[in-house]
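What follows is each chain in one-letter form.
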Amino acid sequence: DSKPYGPISVGMELTFPSSTHLFGLPEHASSTQLKTTAGMDGHHYYKEPYRLYNLDVFEYELDETMALYGHIPLVVSQSVKTGTAGAFWFNPTETFVDIEETPQAGGDMDSRTHFMSESGIVDLFLLPGSDPASLYGQYARLTGRMQLPPIFSLGYHQCRWNYRDEADVYFVHSKFEELDYPYDVLWLDIEHTDGKRYFTWDDKTFPNPIEMQNKLGATGRRMVTIIDPHIKRDNQYYIHKEATARGLYVKDKSGNKDYDGWCWPGSSSYLDFTVEKVRNWWAGQFNYDKYKGSTPTLFTWNDMNEPSVFNGPEVSMQKDLLNLNNVEHREWHNLYGMLFQRSTAEGLTQRNEGANVRPFVLSRSFFAGSQRYGAIWTGDNAAEWSHLQIASPMLLGLNVAALSFVGADVGGFFGNCDAELITRWMQAAAYQPFFRGHAHHDSKRREPWMFGDETMVRLRHAAMARYALLPFWYTIFWQAGVSGMPVMRTMWMQYPDIPELYSIDDQYLIGSDLLVKPVTSAGATTSHVLFPLSDCWYDVDTMQRMELAGASGSYVAKTVESGIEKIPVYQRGGSIIPRKLRLRRSSYLMINDPYTIYIALNNELKAKGTLYMDDETTFDHEKRDDYGVATFSSDLSSSIIVQNTVTLGNKSALQESKEERMIERIVLMGIATEPKQITLTTLSSATAIPMEFHYDEESKILVIRKPDVSALDQWTMNLTP
């Protein structure tokens, strides 16, 4: 590093009064709560500050402050006394952050953060909160809102480095079909290309890519191919030839020559995504007439975009390289991956007539604002129980920074997992936002059927639970885009008045209504779950209310059964959750399936929930306001079993699909006595219509079958006690 302008740095110290719980600064393989790195008379937890510098890290270490693939310089404080507050240090250069606890004169403890960045300017945004919802609304206005993903991307993704050829693809696809195992996307890693030349296909192993995509597409499946930012320096390769002629590459420190680094293809140059004309050019490469062999069902995986340079310092670019505006790499390093993903997402959008199909792009590297462009995964994890254990804290840390569409590779990327580990990982990942199985080429094949029939059935059961909840997941993602609140939430995001829950990161909430406790240790048959007592809770498998004792506003710890068939998941009393229960092999085949509505009554015998609906694929929900929102509410004290109030984006929104949004079953949990009668009242019916129902005295569950109502119509079901 030649440092042509000499040493320079900026920094700032920020204090969060009366707070000992700080969160944020992803990505690190450590607890969600930030731990001390300084002070305390030398008795701080970590020896080194948290480092924020995007790097390609091979087999990363756990419980460390070392830099990983992406970073967001946001710190959030949660305190009973001072509420929720945050600070966003907008600096994409290499940054270190120290965390220190300091005593106040009155006995309280403050938390002090010290930001130290190599370069840049002081650009600080304070987020006053003062509760989680307010803070995340403020942060969304500042850095952008998450785009609603296409629903297929919320299903299961099957990946490996690498599926060898078209025959291998067809075999894997047909095996999923044969076993009635739901999946939505099959992925191809770098070996599918012609010599690591992106936007190409190996014509020996993948001679008919369009036919392959169309065959999978006929069953509702999509495919994803990997496209990285390093470009093979081959004068016969059209991408490199045109990029060179147009002068689109990052330059060496002199500014006169294109930078030459080493990556998967060998000698490579790197496009300068900090410049708009380069991003526009790159986006154009996804047009169907340019990306030969691509179809509308092919989407993209952006890897190695920290950027990774095998022969560079710390496997990245030298800091004194120059972009096309003669700005040093050190000034924009942490932005590179996000700008690459942005350009790819724009390309996938623009390739279609009318630019009206939502893209899907997975990226490894990220920065603040990446939530606008696609999904992120936690990189090269390992097939070890410790990596399953750290997955939830890491994903929660990303969600603290409003990066919600995130996941960890099921089974671990490196190494081999046994039947128990893959089962527990699949169960956990089914309740995490991005759901993908992936493995290194040296790992044994680990498709769901590779572990025997008994394990395959367990894995399929976990995947089926995910698919049944797709209407719920889709609704939560829509709400996250509107409000800024994360999809996967720490306990304090919903229960900020219970300080004992602040540091908990081995259980979490999906939205506000599902409490999840992954099983992350070998041989476990029981789990220790912390239940907030301001709500009651129902086991999602038995639909039975948990017997919990204690004062409202506190919590109780309960040991629950969690044998190999079971992941502890609980529905919050007072919530209403939509599911689709018909087993299909992909989300595409589910679009017209009817809903089952699960009502979990709270202590006041009330509940409320939301179902968001659109075409699940296009931007019509934004461009034409073509969407509908069903708001379900129950109030047994007013004899209302369930009432549906519908909000339409426009007067004609989804009207042609009313009969494709039917409700086939309503399940009511926690009703103490059997009603004498249930009647349905609709806007189109002058008289109340009696409903057939079944009540189970022992389980306290009431089921209304075939109510013949649409989620897009307004109606009320009343009971006669």
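Everything here concerns the structure above.
Not measured: the values here are computed from a predicted model.

Draft legend 1. How the structure looks around the packing of aromatic side chains. Applying the stated criterion to the full structure yields 48 aromatic pairs. The interplanar angle of 70° and the centroid separation of 5.1 Å between the aromatic rings of Phe-199 and Trp-282 together place this pair among those described as edge-to-face. Highlighted residues: Phe-199 in the loop between β10 (185–188) and α3 (209–217) and Trp-282 in helix α5 (residues 276–284), separated in sequence by 83 residues. Taken together through their ring pairs, the aromatic side chains of Phe-199, Trp-201, Phe-206, Phe-273, Trp-282, Phe-286, Tyr-291, Trp-332, Tyr-336 and Phe-340 make up a single cluster. Between Lys-35 and the ring centre of Tyr-45, over which it is positioned, the NZ or CZ distance is 4.0 Å. Sitting over the ring of Tyr-53, Lys-319 keeps its end group 5.0 Å from the ring centre.

Draft legend 2. Just the sheet that holds strand β4 (residues 74–79), in detail. Strand order in this open sheet of 4 strands is β2-β4-β5-β8, and the pairing throughout is antiparallel. Each end of this open sheet is capped by a strand with a single partner; those strands are β2 (22–24) and β8 (124–127). Shown here is a sheet whose adjacent strand axes are inclined to one another by a mean of 20°, direction ignored. Summarising the sheet, β4 and strand β5 (residues 83–89) pair through 6 bridges and their orientation is antiparallel. For Ser-77, the partnering residue across the bridge sits in β5 and is Ala-85. Contacting β4, β5 and β8, helix α1 (residues 132–143) runs over the sheet at an angle of about 20° to β5.

Draft legend 3. How the structure looks around a negative patch on the surface. On the surface, Glu-656, Glu-659, Glu-660 and Asp-708 cluster together into a patch of negative charge. Within the element layout of this structure, Asp-708 appears in strand β36 (residues 701–710).

Draft legend 4. Summary view of the nonpolar core. Leu-271, Trp-282 and Phe-360 are the most contacted members of the largest nonpolar core, which totals 141 residues. Ranked by residue count, the leading element in this core is helix α10 (residues 470–483), at 7 residues. Non-local contacts of Phe-360, meaning those with residues more than four positions away in its chain, are made with Pro-150, Phe-152, Ser-153, His-157, Trp-187, Val-224, Phe-299, Thr-300, Leu-348, Ala-375, Phe-405 and Phe-434. Ranked by size, the runner-up nonpolar core spans 38 residues in total, among them Tyr-538, Tyr-598, Ile-641 and Leu-712.

Draft legend 5. Region of interest: the side chain of Arg-436. Here Arg-436 is to be found in strand β19 (residues 435–437). At 2.9 Å, the side chain of Arg-436 forms a polar contact with the side chain of Asp-409. With residues near it in sequence (within four places) discarded, Arg-436 still touches Tyr-156, His-157, Cys-159, Trp-187, Trp-301, Leu-362, Trp-377, Ala-408, Asp-409 and Val-410.

Draft legend 6. Representation of a nonpolar patch on the surface. Residues Trp-262, Trp-264 and Phe-310 make up a contiguous nonpolar surface patch of roughly 310 Å² in combined accessible area. What makes Phe-310 partly exposed here is its relative accessible area of 33%.

Draft legend 7. Geometry of unusual backbone geometry. For the peptide bond that leads from Pro-26 to Glu-27, omega is 15°, which places it in the cis range. With phi around 60°, Met-543 is a residue other than glycine that occupies positive phi space. If you trace the backbone, Met-543 turns up in the loop between β24 (537–539) and β25 (555–561).

Draft legend 8. How the structure looks around the pattern of salt bridges. Applying the stated rule across the entire model yields 45 salt bridges. Between Lys-81 and Asp-108 there is a salt bridge whose closest N-O contact spans 2.8 Å. One end of the pair, Lys-81, is in the loop between β4 and β5; the other, Asp-108, is in the loop between β6 (95–103) and β7 (109–117), with 27 residues separating them in the sequence. Judged by relative accessible area, which is 26%, Asp-108 ranks as partly exposed.

Draft legend 9. Local environment of the pairing of strand β11 (residues 222–226). Burial within β11 is extensive, with 5 of its 5 residues counted as buried. Here β11 shows two buried faces, one formed by Arg-222, Val-224 and Ile-226 and the other by Met-223 and Thr-225. Across 4 bridges, β10 lies against β11 in parallel orientation. Its bridge partner being in β11, Leu-186 is matched across the sheet by Met-223. Between the parallel pair β10 and β11, the chain is carried across by α3, and the sense of this crossover is right-handed. When β11 meets strand β15 (residues 298–302), the two strands line up parallel, connected through 4 bridges. From the neighbouring strand, Thr-225 faces β15, where its bridge partner is Thr-300.

Draft legend 10. Expanded view of the environment of Leu-74. Tracing the sequence through the fold places Leu-74 in strand β4. Spatially, the C-alpha atom of Leu-74 lies 9.7 Å from that of Ala-402, the residues being 328 residues apart in sequence.

Draft legend 11. Broad picture of the side chain of Arg-221. Locating Arg-221 in the fold gives a position in the loop between α3 and β11. The exposure class assigned to Arg-221 is buried, which follows from its relative accessible area of 1%. Looking at Arg-221, its side chain comes within polar contact range of the side chain of Thr-219, at 3.0 Å. Discounting chain neighbours no more than four positions away, the residues touching Arg-221 are His-173, Glu-177, Tyr-181, Tyr-183, Asp-184, Leu-216, Thr-297, Arg-585 and Ser-586.

Draft legend 12. Representation of the pairing of strand β30 (residues 628–635) in the model. With respect to burial, β30 is a largely interior element, 6 of its 8 residues being buried. Here strand β29 (residues 606–613) pairs with β30 via 8 bridges, running antiparallel. The residue bridging Leu-611 from the neighbouring strand is Ala-630, located in β30. Summarising the sheet, β30 and strand β31 (residues 640–648) pair through 7 bridges and their orientation is antiparallel. Directly across from Val-629, in β31, lies its bridge partner Thr-647. Between β30 and β31, which pair antiparallel in sequence order, lie 4 residues; one of them, Ser-639, sits at a positive phi of approximately 65°.

Draft legend 13. Local environment of the sheet that holds strand β16 (residues 361–363). A sheet is described by the order of its strands in space; here 8 strands give the open sequence β18-β17-β16-β15-β11-β10-β9-β19, paired in parallel fashion. Each having just a single partner strand, β18 (406–407) and β19 make up the two edges of the open sheet. For strand β9 (residues 156–158) and β10, the ladder comprises 2 bridges, and the chain directions are parallel. Pairing of Gln-158 across the sheet is with Leu-186, part of β10. Where helix α2 (residues 166–178) meets the sheet, it contacts β9, β10 and β11, and its direction lies at approximately 160° from that of β10. Of the strands in this sheet, β10, β11 and β15 touch α3, which is tilted by about 140° from β11.

Rules behind the numbers
- Residues numbered from 1 in each chain as written.
- Predicted model: local features only at pLDDT ≥ 70, side-chain atom pairs only at ≥ 80, totals over all residues.
- Heavy atoms only, no water.
- Phe/Tyr/Trp six-rings, centres within 6.5 Å; stacked < 30°, edge-to-face > 60°.
- Helix = DSSP H or I, 4+ residues; strand = E, 2+ residues; numbered from the N terminus.
- Lys NZ or Arg CZ within 6 Å of the ring centre and 35° of its normal.
- Pairing = 2+ DSSP bridges.
- Axes fitted to C-alpha atoms, helices over the stretch in contact; angles between N-to-C directions.
- Contact = heavy atoms within 4.5 Å.
- Patch = residues over 30% accessible without salt bridge, like charges linked within 9 Å, V, L, I, M, F, W, Y side chains within 5 Å.
- Areas by Shrake-Rupley, 256 points an atom, 1.4 Å probe, with all protein chains shown as cover.
- Salt bridge = Lys/Arg side-chain N within 4 Å of Asp/Glu carboxyl O.
- Lys, Arg positive; Asp, Glu negative; His and termini not counted.
- Charge placed at Lys NZ, Arg CZ, Asp CG, Glu CD.
- Core = buried A, V, L, I, M, F, W, Y, C linked by side-chain atoms within 4.5 Å.
- Buried < 20%, exposed > 50% of the residue type's maximum accessible area, 1.4 Å probe, protein only.
- Polar contact = N/O pair within 3.5 Å; in protein donor to acceptor, adjacent residues only side chain to side chain.
- Right-handed = clockwise from strand over helix to strand, strands pointing away.

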